Amino acid sequence: QVQLVESGGGSVQPGGSLRLSCAASGSIFSITVMGWYRQAPGKQRELVANILSGGTRYYTDSVKGRFAISRDNAKNTVYLQMNSLKPEDTAVYYCNIEALVSSRGLSDYWGQGTQVTVSS
């Protein structure tokens, strides 16, 4: 009933930029939180950034000043603008939303993941 479609991943050189997009569709009453996680090989999945329905934003320390999260409520879409990318940003990035759905109440949903690779 809820699907998240991610796009925008790819390979860039250090210092480059990418913008990730995640569009949610389905029987959604409202979305309370939209965010991005990432998981690098051999590491735990970590929260990168999220944004609340009221606009409050959170960023993990390692991306502050470089990444920016935003959302388009009319399109149920969340974006992650990634600037000044570093090799340590290499990971699979997953979109996550907390949404109120007609038949399941308030639940978390995950995108399929998109690969971001930063290398010289």
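Refer to the structure above for everything that follows.
Keep in mind that what you see is a predicted model, and the values were worked out from it rather than measured.

Q: Which residues make up the overall build of the protein chain, and what values go with them?
A: Counting its secondary structure elements, the protein chain contains 0 helices and 11 strands. The order of α-helices and β-strands along the protein chain, N terminus first, is β-β-β-β-β-β-β-β-β-β-β. The C-alpha atoms of the protein chain give 14 Å as radius of gyration, which agrees with the globular expectation for 120 residues (14 Å, within 12%). Reported as C-alpha extents along the three principal axes, the dimensions of the protein chain are approximately 45 × 25 × 25 Å. For the protein chain, the share of sequence-separated contacts (at least 6 apart) that also reach a separation of at least 24 residues comes to 55%. Element-wise, carbon and sulfur atoms account for 46% of the exposed surface of the protein chain, whose accessible area totals about 6,200 Å². Of the side-chain charges in the protein chain, 11 are positive and 8 negative, and the distance between the mean point of each set is 3 Å.

Q: For the nonpolar core, give the residues involved together with the corresponding values.
A: Among the nonpolar cores identified, the biggest contains 32 residues, and Trp36, Leu80, Met82, Tyr93 and Ile97 are the most heavily contacted of them. Where this core is concerned, the elements lending two or more residues are β1 (2-7), β3 (18-26), β4 (28-39), β5 (46-52), β7 (67-72), β8 (77-82), β9 (91-101) and β11 (114-118). In terms of residues, this core owes the most to one element, β9, which gives 6 residues. Beyond its immediate stretch of four places on either side in the chain, Met82 contacts Gly16, Ser17, Leu18, Leu20, Arg66, Phe67, Tyr93 and Val116.

Q: Give me the lowdown on the pairing of β4, citing residues and values where you can.
A: Note: β4 against β9, 10 bridges, orientation antiparallel. The residue bridging Arg38 from the neighbouring strand is Tyr93, located in β9. Between the antiparallel neighbours β4 and β5 lie 6 residues, among them Gly42 with a positive phi of about 75°.

Q: Tell me about the side chain of Arg38, and name the residues and values.
A: Mapping Arg38 onto the fold places it in strand β4. Engagement of the side chain of Arg38 in a polar contact is seen with the side chain of Ser62, the distance being 3.3 Å.

Q: Help me get a handle on the sheet that holds β1, residues and values and all.
A: On the basis of which strands lie adjacent, the open sheet formed by 4 strands has the order β1-β3-β8-β7 and antiparallel pairing. Here the strands that pair on one side only, and so sit at the sheet edges, are β1 and β7. Direction aside, the axes of adjacent strands within the sheet are offset by 15° on average. Pairing geometry for β7 and β8, over 6 bridges, is antiparallel. Within the sheet, the bridge partner assigned to Asp72 lies in β8 and is Thr77.

Q: Describe the side chain of Thr77, with residues and values.
A: Within the fold, Thr77 resides in strand β8. Thr77 sits in the buried class, given a relative accessible area of 7%. Setting aside residues no more than four positions away along its own chain, Thr77 makes contact with Cys22, Ala23, Met34, Ser70, Arg71 and Asp72.

Cut-off values and rules
- Residues numbered from 1 in each chain as written.
- Predicted model: local features only at pLDDT ≥ 70, side-chain atom pairs only at ≥ 80, totals over all residues.
- Heavy atoms only, no water.
- Helix = DSSP H or I, 4+ residues; strand = E, 2+ residues; numbered from the N terminus.
- Rg over C-alpha atoms; globule rule 2.2 N^0.38 Å.
- Contact = heavy atoms within 4.5 Å.
- Areas by Shrake-Rupley, 256 points an atom, 1.4 Å probe, with all protein chains shown as cover.
- Lys, Arg positive; Asp, Glu negative; His and termini not counted.
- Charge placed at Lys NZ, Arg CZ, Asp CG, Glu CD.
- Core = buried A, V, L, I, M, F, W, Y, C linked by side-chain atoms within 4.5 Å.
- Buried < 20%, exposed > 50% of the residue type's maximum accessible area, 1.4 Å probe, protein only.
- Pairing = 2+ DSSP bridges.
- Polar contact = N/O pair within 3.5 Å; in protein donor to acceptor, adjacent residues only side chain to side chain.
- Axes fitted to C-alpha atoms, helices over the stretch in contact; angles between N-to-C directions.

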